[in-house]
Amino acid sequence: MNLNRLLLAFSMILMVSAVGCSESGPELVPTSGIVKIDGVPAQGIMVRFMPDVIDDSIKLPSSQGLTNAEGKFELRTTDNKVGAAEGPHRVSLFDTLEERVPQGQTAKPARLDSKFSSGAIEITVGDGEEIVIEATGS
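Sequence order sets the numbering: in each chain, residues are counted from 1 along the sequence as written. Totals for whole chains, interfaces and linings use every residue, but because this is a predicted model, local features are given only for residues with pLDDT of at least 70 and side-chain atom pairs only at 80 or more, for both listing and counting. Hydrogens and water molecules were not included; the side-chain quantities draw on all heavy atoms of the structure.

With that out of the way, let us pick up the side chain of Asp-95. Comment: elements are numbered from the N terminus, with helices defined as DSSP H or I runs of at least four residues and strands as E runs of at least two. As for its placement among the helices and strands, Asp-95 is situated in strand β9 (residues 87–95). Pairs of N or O atoms are called polar contacts if they sit within 3.5 Å, as long as, within protein, a hydrogen donor faces a hydrogen acceptor (for residues adjacent in sequence, only side-chain-to-side-chain pairs). Reaching out from Asp-95, the side chain makes a polar contact with the side chain of Arg-111 at a distance of 2.7 Å.

Next up, the structure:
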């Protein structure tokens, strides 16, 4: 008898969980663009869009993409859905091709100014136009 109650309780928990997971989430807008460093398309730049939301009760996913040889990227959410949430975002850029040098050796100047990794860029995702991000080297 206790086993039947346990199975019933477990089944109800699974059903409630499944209902909670069926929500489609926020509407995403297909978002793509190009990153240029000093006017030149840049390969290997991770572009991260973080929704800039004032209301803590609103949970919107972040999105990211990696630039290809032409500097182009397409955004996907962390759960691999295409696009980004509509609205304002803070954008950060990270150079995935930056060489790590052993301690004590002199590093080459970075391709990307470090200020671009702090979320200082503000971009509004909306109408599906290609986004052009102009960055500078250090």
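Once the structure has been displayed, the description carries forward.
Next up on the list: the environment of Gly-87. Within the element layout of this structure, Gly-87 appears in strand β9. Considered as a pair, Gly-87 and Asp-52 are 35 residues apart in the sequence and their alpha carbons are 7.9 Å apart. Note on contacts: a residue pair qualifies if any of its non-hydrogen atoms lie within 4.5 Å across the two residues. Those residues in contact with Gly-87 that sit more than four places away from it in its chain are Ile-123, Thr-124 and Val-125.

Another point: the nonpolar core. Residues grouped as a nonpolar core are buried Ala, Val, Leu, Ile, Met, Phe, Trp, Tyr and Cys residues, joined through side-chain atoms within 4.5 Å. The buried label goes to any residue with under 20% of its type's maximum accessible area, the exposed label to any with over 50%, and the partly exposed label to all in between, with areas taken from a 1.4 Å probe on protein chains only. Within the largest apolar cluster, 20 residues are counted, with the highest numbers of intra-cluster contacts made by Ile-45, Val-47, Phe-49, Val-91, Leu-93 and Ile-133. For this core, the secondary-structure elements that each account for two or more residues are β2 (32–37), β4 (45–51), β9, β10 (121–125) and β11 (131–135). Residues within four places of Val-91 in sequence aside, it is in contact with Val-47, Arg-48, Phe-49, Phe-116, Gly-119, Ala-120, Ile-121, Ile-123 and Ile-133.

Time to look at the sheet that holds β10. Strand order in this open sheet of five strands is β7-β5-β4-β9-β10, and the pairing throughout is antiparallel. Each having just a single partner strand, β7 (76–77) and β10 make up the two edges of the open sheet. Note on pairing: two strands pair once DSSP finds at least 2 bridges between them. One ladder, built from two bridges, connects strand β5 (residues 63–66) with β7; its direction is antiparallel. Along β7, the bridge assignment pairs Gln-64 with Arg-76.

The next subject is a nonpolar patch on the surface. Patch criteria: residues need more than 30% relative accessible area and no salt bridge. Like-charged residues are merged within 9 Å; nonpolar side chains of Val, Leu, Ile, Met, Phe, Trp and Tyr are merged within 5 Å. Accessible surface is estimated by sampling points in the Shrake-Rupley manner with a 1.4 Å probe; for residues, cover comes only from the protein chains shown. Put simply, a salt bridge is a Lys or Arg side-chain nitrogen that is within 4 Å of an Asp or Glu carboxyl oxygen. A contiguous nonpolar surface patch, about 190 Å² in accessible area, is contributed by Val-53, Ile-58 and Leu-60. For Ile-58, the position within the fold is in the loop between β4 and β5.

A separate point is a negative patch on the surface. The convention is simple: Lys and Arg are positive, Asp and Glu are negative, and His and the chain ends are not counted. Think of each charge as sitting on NZ of Lys, CZ of Arg, CG of Asp or CD of Glu. A grouping of Glu-27, Glu-86, Asp-127 and Glu-129 is seen on the molecular surface, where their side chains present a negatively charged patch. Here Asp-127 lies in the loop between β10 and β11. On the basis of relative accessibility, which here comes to 62%, the residue Asp-127 falls in the exposed class.

In this section: the side chain of His-89. Turning to its location among the elements, His-89 is positioned in strand β9. Within polar-contact distance, the side chain of His-89 engages the backbone oxygen of Ala-85 at 2.7 Å. Setting aside residues no more than four positions away along its own chain, His-89 makes contact with Phe-49, Met-50, Pro-51, Asp-52, Ala-84, Ile-121, Glu-122, Ile-123 and Val-125.

Keep in mind these numbers describe shape, not what the thing actually does.
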